[in-house]
Amino acid sequence: MGTLAAREFRPCFSPCHLVLVFLCIGTLHRCFVNGREFTGDYSKLSGIILPGFASTQLRAWSVLDCPYSPLDFNPLDSVWLDTTKLISAVNCWLKCMVLDPYNQTDHPECKSRPDCGLSGITELDPGYITGPLSSVWKEWVKWCIEFGIEANAILAVPYDWRLSASMLEQRDLYFHKLKLTFETALKLRGGPSIVFAHSLGNNVFRYFLEWLKLEIAPKKYIQWLDEHIHAYFAVGAPLLGSIETVKATLSGVTFGLPISEGTARLMFNSFGSSLWMMPFSKYCRADDVYWKHLFDGRGKMQATYHCDQMEYQTNYSGWPTNIVNIEIPSVREVSQASISSMECGLPIQLSFSARELSDGTLFKAIEDYDPDSKRLLHQLHKLYHGDPVLNPLTPWDRPPLKNIFCIYGMDSKTEIGYYFAPSGKPYPDNWIITDIVYELEGTLLSRSGISVSGNPGASSGDETVPYNSLSWCKTWLGSKVNITRAPQSEHDGTDVQVQLNVEHHSDLDIVPNMTRSARVKYITYYEDSESIPGKRTAVWELDKANHRNIVRLPVLMRELWLQMWHDIQPDARSKFVSKASRGPLRNEDCYWDYGKARCAWPEHCEYRYVFGDVHLGQSCRLKNSSTDLLQRYL
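This structure is a prediction, so every number in the text was calculated from the model and none was measured.

S.K.: Where do I start with the sheet that holds strand E4 (residues 58-60) in this structure?
M.R.: Backbone-to-backbone hydrogen bonds pair the strands of a sheet. The strands run either parallel or antiparallel. Reading across from one edge, E5-E4-E6 is the order of the three strands in this open sheet, with antiparallel pairing throughout. Of all the strands in the sheet, the pair left with one neighbour each is strand E5 (78-80) and strand E6 (112-114). Taking each pair of neighbouring strands and ignoring which way they run, the sheet shows an average axis angle of 40°. Relative to E5, E4 runs antiparallel, the two being bridged by two bridges. In the strand pairing of E5, Arg-59 is matched with Ser-78. Taken strand by strand, helix H3 (residues 90-97) contacts E4, E5 and E6, and its axis lies near 80° from that of E5.

Right under this line is the structure:
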């Protein structure tokens, strides 16, 4: 059936022309691909985008008559996200969204497939009101066009984010097509590609790297990576999972849509991907399955799951606290013959760590009280623990790529644990959240105000993914790390702090000894280009950057562009772009300084009125071209 579905609908990986060329960050000033050198020219580089969960538009691939609504679903109609049809025909919409929880097939009356190319990831629900709310990559496109990026510089590769990794390959041949996308980009432009993944897209890319090991000769694996992938940007990666997945599984998360939490839970738990971002322990791993392709019957083998002693010697599986605290109704035997043989006693509160979520202990404990548990256990064992390529619920080491940039937000109030109790209502509303535990800038607090025991980290997450999950990529840094902290806004360098060769232990977080102003948002760079010869690793922490909106932040686009500009220059004097100062690069960066009655940054901006300007700030424009301004970042 998976093969038939793949033939019925083939997602088109056309070179939709976004422009992550500014993501085309090379790390070596001289790079060779198939014996050919490219230096100081990004025209040979391609960018490949892997969007996050719920960030690809889904379109109907069947005809569905909605009897109680004037709006029907026809082929190519928008399903995710069409708020008009969602409101007027929610039952029809749900049929086009849900999957069979056991075999991941479509609803008998409706099927949906991901949109292809750039149109599938820019605006999920175009419109005057809904467009800005559902915009994902649109601002990014505008930024790149302004800097003159060529139209065919990026390949967008949307995927059906409802499916698990193995089903993506089985139904859509997604990873085969992704491999061909890299190879086509190399032939088309003559150089390797830049991978830009957000949120769940990082999990997809990780699986692709493991899948690739089993598809090509072992001796050619690293060679293939060097020739086809120049740099990898991991943005908002849930490297150890995301807590919100637990809430969506037991209670429901509406994603801001006008649906009930119960409906959202029904939909979410039908997806094979519902467990892909489940929190897991950093101490538990699965055996390497790299050698399995040497033997016949590869798919029949299963990796062994085991945990280090640290898992049992420490609390919380390396997380700040227990993730789930849940009340289970207790049942006690009663001997009196005149009374029923069973009587409900006081509920028992049980706590579950990250390991007990990822290995199914939680779902087994509530199996008698929740009909979703059997379905979730089936998905967990079949699609994750039994995956012949990779068990995704295990921590991953640094990928063997030349250049890796891990980017995420921090210091926001982020959910880190939940208290659940029976609601007394029927499924799917049979659980309610009685309390929530948050992490905030190195402390733990609860919604109810009660004290919380645990081991808080040095900071907090990005409102969606906790800090310890985002910052796991710090373990990819070497023993000596250069740290730079600078304001996110344009600055003259007076507030830049630098620490060189900071000692780093691989199992511990790096906490820079730097001052911080409460009124300034900073970006902290952790950079290492010495630990692995010929490879660079960098971690960027952005204060108060929201998980869902980080890809639209101008500061992120600016930093990526500057890094690209630095790396394509043959006469660049350092491994990473200078952080000494940040001036305006676009007309939008110039503004009116009312205190001095002139345009701010007078050395770069000037007052130049253009017909249609409605305020003084709009009339502040750059004196010189962006190309001239970029020369100082070499």
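Past the structure itself, the notes keep going.
S.K.: What exactly am I supposed to notice about the sheet that holds strand E3 (residues 46-50) here?
M.R.: The strand order across the open sheet built from nine strands is E7-E3-E8-E9-E16-E23-E22-E20-E21, with neighbouring strands paired in mixed fashion. Strands with a single pairing partner mark the edges of an open sheet, and in this sheet they are strand E7 (154-156) and strand E21 (497-503). Neighbouring strand axes in the sheet, compared pairwise and without regard to direction, differ in orientation by 15° on average. Sheet strands in contact with helix H9 (residues 221-228) are strand E8 (193-198) and strand E9 (229-235), and its direction is about 80° off that of E9. Along the sheet, helix H17 (residues 554-567) makes contact with E8, E9, strand E16 (403-410), strand E20 (480-487), strand E22 (522-528) and strand E23 (536-543), crossing E23 at roughly 155°.

S.K.: Even after reading the chapter, I still don't get the state of the cysteines, so can you show me in this structure?
M.R.: Every disulfide links exactly two cysteines, by a covalent bond between their sulfur atoms. For the structure on display, the rule yields six disulfides. Shown here is the disulfide that connects Cys-406 with Cys-473, its sulfur atoms set 2.2 Å apart. The S-S bond linking Cys-406 to Cys-473 shows a torsion near -80°; that makes this disulfide left-handed. Here Cys-473 lies in the loop between helix H16 (467-470) and E20 and Cys-406 lies in strand E16, a separation of 67 residues in the sequence. You'll find Cys-406 and Cys-473 in the same group, each marked buried. Two residues share a disulfide in this structure: Cys-599 and Cys-620, whose sulfurs sit 2.1 Å from each other. Across the disulfide from Cys-599 to Cys-620, rotation about the S-S bond amounts to roughly -90°, and the bridge is consequently left-handed. With a gap of 21 residues between them, Cys-599 in strand E25 (residues 598-599) and Cys-620 in strand E27 (residues 620-622) connect regions that are remote in the sequence.

S.K.: Help me out: how do you make sense of the nonpolar core in this one?
M.R.: Nonpolar side chains tend toward joint burial in soluble globular proteins. Counting residues in each nonpolar core, the largest one holds 121 residues, and the members touching the most others are Trp-80, Trp-93, Trp-161, Phe-175, Phe-205, Phe-208 and Ile-326. The residues contacting Phe-208, other than those within four sequence positions of it, are Phe-175, Leu-178, Lys-179, Phe-182 and Trp-224. Counting residues in hydrophobic clusters, the runner-up holds 19 residues, among them Ala-231, Ile-523, Val-551 and Val-555.

S.K.: Even after reading the chapter, I still don't get the environment of Phe-420, so can you show me in this structure?
M.R.: Relative to the helices and strands, Phe-420 resides in strand E17 (residues 414-422). Measuring from C-alpha to C-alpha, the distance between Phe-420 and Thr-434 comes to 5.7 Å, with 14 residues separating the pair along the chain. Non-local contacts of Phe-420, meaning those with residues more than four positions away in its chain, are made with Val-246, Lys-247, Leu-250, Ser-251, Val-324, Asn-325, Ile-326, Glu-327, Trp-431, Ile-432, Ile-433 and Thr-434.

S.K.: So what exactly am I meant to see when it comes to the pairing of strand E12 (residues 324-328) here?
M.R.: The side chains of a regular strand alternate, residue by residue, between the two faces of the sheet. Of all five residues in E12, four are buried, a share of seventy percent or more. Bridging between E12 and strand E15 (residues 348-352) involves five bridges; their strand directions are antiparallel. The residue bridging Ile-326 from the neighbouring strand is Leu-350, located in E15. When E12 meets E17, the two strands line up parallel, connected through three bridges. Following the sheet pairing, Asn-325 is matched in E17 by Tyr-419.

S.K.: Mind showing me how you'd approach the packing of helix H8 (residues 200-213) against H9 here?
M.R.: Between two packed helices, what matters for the description is the angle formed by their axes and the separation of those axes. Packing of H8 against H9 leaves a shortest axis separation of 10 Å and a crossing angle of 135°. The orientation of H8 with respect to H9, classified from their angle, is oblique. Between H8 and H9 lies a crossing whose hand is right-handed. Contacts between H8 and H9 involve Phe-208, Leu-209, Leu-212 and Lys-213 on the former and, on the latter, Tyr-221, Trp-224 and Leu-225. Grouping the constituent residues of the contact of H8 with H9 by class yields six nonpolar, no polar and one charged.

S.K.: Explain the pattern of salt bridges here, please?
M.R.: Opposite charge on two side chains lets them pair, provided their charged atoms get close. As enumerated under the stated definition, the model contains 27 salt bridges in all. In this structure, Asp-106 and Arg-113 form a salt bridge, with 3.0 Å as the shortest nitrogen-oxygen distance. We classify Asp-106 as buried; its relative accessible area is 19%. Its relative accessible area of 2% is what places Arg-113 among the buried residues. Taken together, the shared-partner salt bridges in this structure form one network comprising Asp-160, Arg-162, Arg-171 and Asp-172.

S.K.: I'm lost on the packing of helix H6 (residues 165-172) against helix H7 (residues 174-189) in this one. Help?
M.R.: Two numbers describe how H6 lies on H7: the axes approach to 6 Å, and their chain directions differ by 80°. Considering their axes alone, H6 and H7 lie roughly perpendicular with respect to each other. Side by side, H6 and H7 meet where Ala-165, Leu-168, Glu-169 and Asp-172 of the first sit next to Tyr-174, Phe-175, His-176 and Lys-177 of the second. The class makeup of the residues in the contact of H6 with H7 is four nonpolar, one polar and three charged.

Rules used in this analysis
Residues numbered from 1 in each chain as written. Predicted model: local features only at pLDDT ≥ 70, side-chain atom pairs only at ≥ 80, totals over all residues. Heavy atoms only, no water. Pairing = 2+ DSSP bridges. Helix = DSSP H or I, 4+ residues; strand = E, 2+ residues; numbered from the N terminus. Axes fitted to C-alpha atoms, helices over the stretch in contact; angles between N-to-C directions. Contact = heavy atoms within 4.5 Å. Disulfide = S-S within 2.5 Å. Buried < 20%, exposed > 50% of the residue type's maximum accessible area, 1.4 Å probe, protein only. Core = buried A, V, L, I, M, F, W, Y, C linked by side-chain atoms within 4.5 Å. Parallel < 35°, antiparallel > 145°, perpendicular 65-115°, else oblique. Left-handed = near helix turned anticlockwise from the far one by under 90°. Nonpolar A, V, L, I, M, F, W, Y, C, P; charged D, E, K, R; others polar. Salt bridge = Lys/Arg side-chain N within 4 Å of Asp/Glu carboxyl O.

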